[in-house]
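The chain contents come next:
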Amino acid sequence: MELTLTAAQARLAALGAQGLAKGRPAGVTAGSVRRVLAQLHLLQIDSVNVLSRSHYLPLFSRLGPYDTAIADRLAGQAPRRMVEYWAHEASYVRPELFADLRSVQRRVWMTAHSMPAEVRDALSGEIMSLLAGGPPLTAREIAERTGGSSGKPAANWGWNWNASKRVLEDLFASGLLSSAGRTPQFERLYAPTSAVHPAGEAALEPSDPEEAVLRLTELAARAHGVSTVRCMADYFRLLQRDTAAAVETLVKRGTLKPVRVPGFRAPAYLHAEAVIPRRSSARALLSPFDSLVFERKRLETLFDFRYRLEIYTPQVARRYGYYVLPFLLGDGFAARVDLKADRANKALLVQAAHREEGAPARTAVELAAELRMMADWLGLDDVIVKPSGDLAGALKLAVCRE
């Protein structure tokens, strides 16, 4: 029989699956970071650094203050416990997911397909030979070594830097090249995947695409707790028709259970191993790229929270700000704040603070404590609240009392 979840149960299932319902641990180790990655399966990467690199923030939301060098080591030193690849978007993923993601990869940011085939193939071979015989290199360094910054056409084709960058992205999307780490400027250091992945050459062995979709769909469902086909497909950017077929199989196996959830128009499913916590003690600022907020329609249905990233919205048209983090308190969203790290003046700037309808009376106090914790973690001495938004006044007072 189809199960029925209350709206509160569905929210708690989602928070439990994302590791946000429980309190933070007393101490954070490399094992703590690995456990979060094992639960989320991925950490989305983004170049925006107005506050912190995006992949650091989901770990802070779940673990509290931790040494970001732990994450850097897991991604940049052998044996790597995180490798870069395309997942929801560009992401750090568990190494064991690489082959499955590679088998379903259909996207690439830049493509070399428009280049003449002989030029593309020659440049690909040159880049692979260059990296096979030396240390990992950035795109800029590779361009310099292949004529890309000399002003001379590379392989008699005039695109130079663009040519090498496009070929690099194709080689990365194909899985032949990977990232050995990042520079302090966050440039990717390219290296052959066999030299980076802990499985070595075996990492390049292909997965069966149908089985890969089945495994990835099951992991997406596990990470959601309760979800629809659309949600599960979105987590790893799978095709919805393939995901729907995988869901049918998982339902037959008993891995997924059909459930009724208030507000869900599409059929919903609960992972058989999902745990619905009795309550949520969450207090967390979430990155705009946190996996809990990936699927905006699901977020609005479950939490009655409409969230949009306004980075690419003209400033005059922004409603909440440039880099706005939702504030999760208990089992709901209580506020949202536009944050910026003013590193020169060692201050965390709250550019704007807005309260959500029905937010608890203690919202300003709890948010002030979270902002102070974040500032300390970022190595900032002060929290400055600017007078923008209906929560700004109360939040400024609460920050002053911290």
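How each quantity is defined
- Residues numbered from 1 in each chain as written.
- Predicted model: local features only at pLDDT ≥ 70, side-chain atom pairs only at ≥ 80, totals over all residues.
- Heavy atoms only, no water.
- Core = buried A, V, L, I, M, F, W, Y, C linked by side-chain atoms within 4.5 Å.
- Buried < 20%, exposed > 50% of the residue type's maximum accessible area, 1.4 Å probe, protein only.
- Helix = DSSP H or I, 4+ residues; strand = E, 2+ residues; numbered from the N terminus.
- Contact = heavy atoms within 4.5 Å.
- Pairing = 2+ DSSP bridges.
- Axes fitted to C-alpha atoms, helices over the stretch in contact; angles between N-to-C directions.
- Parallel < 35°, antiparallel > 145°, perpendicular 65-115°, else oblique.
- Left-handed = near helix turned anticlockwise from the far one by under 90°.
- Nonpolar A, V, L, I, M, F, W, Y, C, P; charged D, E, K, R; others polar.
- Phe/Tyr/Trp six-rings, centres within 6.5 Å; stacked < 30°, edge-to-face > 60°.
- Lys NZ or Arg CZ within 6 Å of the ring centre and 35° of its normal.
- pLDDT = per-residue confidence, 0-100.
- Patch = residues over 30% accessible without salt bridge, like charges linked within 9 Å, V, L, I, M, F, W, Y side chains within 5 Å.
- Areas by Shrake-Rupley, 256 points an atom, 1.4 Å probe, with all protein chains shown as cover.
- Salt bridge = Lys/Arg side-chain N within 4 Å of Asp/Glu carboxyl O.
- Lys, Arg positive; Asp, Glu negative; His and termini not counted.
- Charge placed at Lys NZ, Arg CZ, Asp CG, Glu CD.
- Polar contact = N/O pair within 3.5 Å; in protein donor to acceptor, adjacent residues only side chain to side chain.

Asker: Would you take a moment to explain the nonpolar core for this structure?
Answerer: Generally speaking, a soluble globular protein has its nonpolar side chains buried in company with each other. Membership of the largest hydrophobic core comes to 101 residues, with the highest contact counts inside it found for L51, F236, L339, M374 and L395. No other element matches the eight residues that helix 10 (residues 209-224) contributes to this core. Not counting the four nearest positions on each side in its chain, L339 is found in contact with V50, L51, L285, Y323, L325, L348, L349, V350, L371 and M374.

Asker: Sorry if this is basic, but what is going on with the sheet that holds strand 4 (residues 90-93) here?
Answerer: Sheet strands pair by backbone hydrogen bonding; their relative direction is either parallel or antiparallel. Taken together, the three strands give an open sheet; going across it, the order is 2-4-3, and neighbouring strands pair in antiparallel fashion. At either end of the open sheet lies a strand with only one pairing partner, and these are strand 2 (42-44) and strand 3 (83-86). Adjacent strand axes in the sheet meet at a mean angle of 35 degrees when their direction is disregarded. Strand direction decides the pairing type here: strand 3 and strand 4, joined by four bridges, are antiparallel. By the bridge assignment, E84 is partnered in strand 4 with Y92.

Asker: Hey, could you run me through unusual backbone geometry in this one?
Answerer: Cis geometry marks the peptide bond from A78 to P79, where omega comes out at -10 degrees. Looking at the secondary structure, you find P79 in the loop between helix 4 (68-76) and strand 3. Positive phi values are uncommon outside glycine, yet F186 reaches one of about 70 degrees. By the element assignment, F186 lies in the loop between strand 5 (177-182) and strand 6 (188-192). Backbone geometry at D304 places phi at a positive 55 degrees, although glycine is not the residue there. As for its position among the elements, D304 is in the loop between helix 13 (296-303) and strand 11 (324-329). Note on D304: relative accessible area 67%, which makes it exposed.

Asker: Got a minute to help me understand the packing of helix 14 (residues 363-377) against helix 15 (residues 392-401) in this structure?
Answerer: Axis angle and axis distance: for two packed helices, these are the angle between their axes and the distance between the axes, and together they describe the pair. Running from N to C, helix 14 and helix 15 cross one another at 55 degrees; their axes reach a closest spacing of 8 Å. Taken together, the axes of helix 14 and helix 15 lie oblique to each other. Helix-helix and strand crossings are classified by hand; for helix 14 and helix 15 the assignment is right-handed. Within the contact between the two elements, helix 14 uses A364, V365, L367, A368 and L371 and helix 15 uses A394, L395, A398 and V399. By residue class, the composition of the contact of helix 14 with helix 15 is nine nonpolar, no polar and no charged.

Asker: Teacher, can you tell me more about the sheet that holds strand 9 (residues 268-271) here?
Answerer: A sheet is described by the order of its strands in space; here four strands give the open sequence 1-8-9-7, paired in mixed fashion. The outermost strands of the open sheet, each flanked by one partner alone, are strand 1 (3-4) and strand 7 (226-227). Bridge count for strand 7 against strand 9 is two bridges, and the pairing is antiparallel. Paired with S227 across the bridge in strand 9 is Y269.

Asker: Looking at this structure, how should I read the pairing of strand 11?
Answerer: Each regular strand displays side chains that alternate between the two surfaces of the sheet. Judged by how many residues are buried, strand 11 sits mostly within the fold: six of six residues are covered. Burial of strand 11 is two-sided: the residues V324, P326 and L328 facing one way and the residues L325, F327 and L329 facing the other way are all buried. As judged from the three bridges shared by strand 10 (residues 283-285) and strand 11, these two strands associate in the antiparallel manner. Within strand 11, the residue paired with L285 across the bridge is F327. Pairing between strand 11 and strand 12 (residues 332-342): six bridges, direction antiparallel. Within strand 12, the position partnered with L325 by the bridge is V337. Following strand 11, the chain reverses through two residues before pairing antiparallel with strand 12; G330 in that reversal takes a positive phi of roughly 70 degrees.

Asker: How should I be thinking about the packing of aromatic side chains in this particular structure?
Answerer: In this description, a pair of aromatic rings is defined by centroid distance and the angle of the planes. Here the structure, examined in full by the defined rule, presents nine aromatic pairs. Taking 4.5 Å as the distance between ring centres and 15 degrees as the angle between the ring planes, the aromatic pair formed by F60 and W377 counts as stacked. Taken together, the residues F60 in helix 3 (residues 57-63) and W377 in helix 14 connect sequence positions 317 residues apart. Measuring from ring centre to ring centre gives 4.4 Å for F305 and F333, while their planes differ by 20 degrees; the resulting arrangement is stacked. Here F333 lies in strand 12 and F305 lies in the loop between helix 13 and strand 11, a separation of 28 residues in the sequence. On the basis of relative accessibility, which here comes to 1%, the residue F305 falls in the buried class. A connected cluster of aromatic rings, assembled from ring pairs, spans F303, F305, Y307 and F333. Its guanidinium or amino end placed over the ring of F186, R182 lies 4.3 Å from that ring's centre, counting from NZ or CZ. Cation over ring: R336 sits above Y320, and NZ or CZ is 4.1 Å from the ring centre.

Asker: Explanation requested: the confidence of the model for the protein in the structure shown.
Answerer: Caution applies to low-pLDDT regions: their predicted coordinates should not be interpreted in detail. Per-chain confidence: the protein averages 93 in pLDDT, with 95% of residues scoring 70 or above. Confidence drops under pLDDT 50 across residues 148-161; counting only partners more than four residues distant or on other chains, this segment forms 22 contacts.

Asker: Quick question: what am I supposed to make of a positive patch on the surface here?
Answerer: Together, R265, K297, R306, R308 and R319 give the surface a local cluster of positive charge. As for its position among the elements, R306 is in the loop between helix 13 and strand 11.

Asker: What is the right way to read the side chain of E84 from this model?
Answerer: Here E84 lies in strand 3. For E84, a relative accessible area of 3% corresponds to the buried category. A distance of 3.1 Å separates the side chain of E84 from the side chain of S179, its partner in a polar contact. Within the local environment of E84, its side chain forms a polar contact with the side chain of R182, the two groups lying 2.9 Å apart. Beyond its immediate chain neighbours, meaning those up to four positions away, E84 contacts I45, S91, Y92, F172, S178, S179, R182 and R188.

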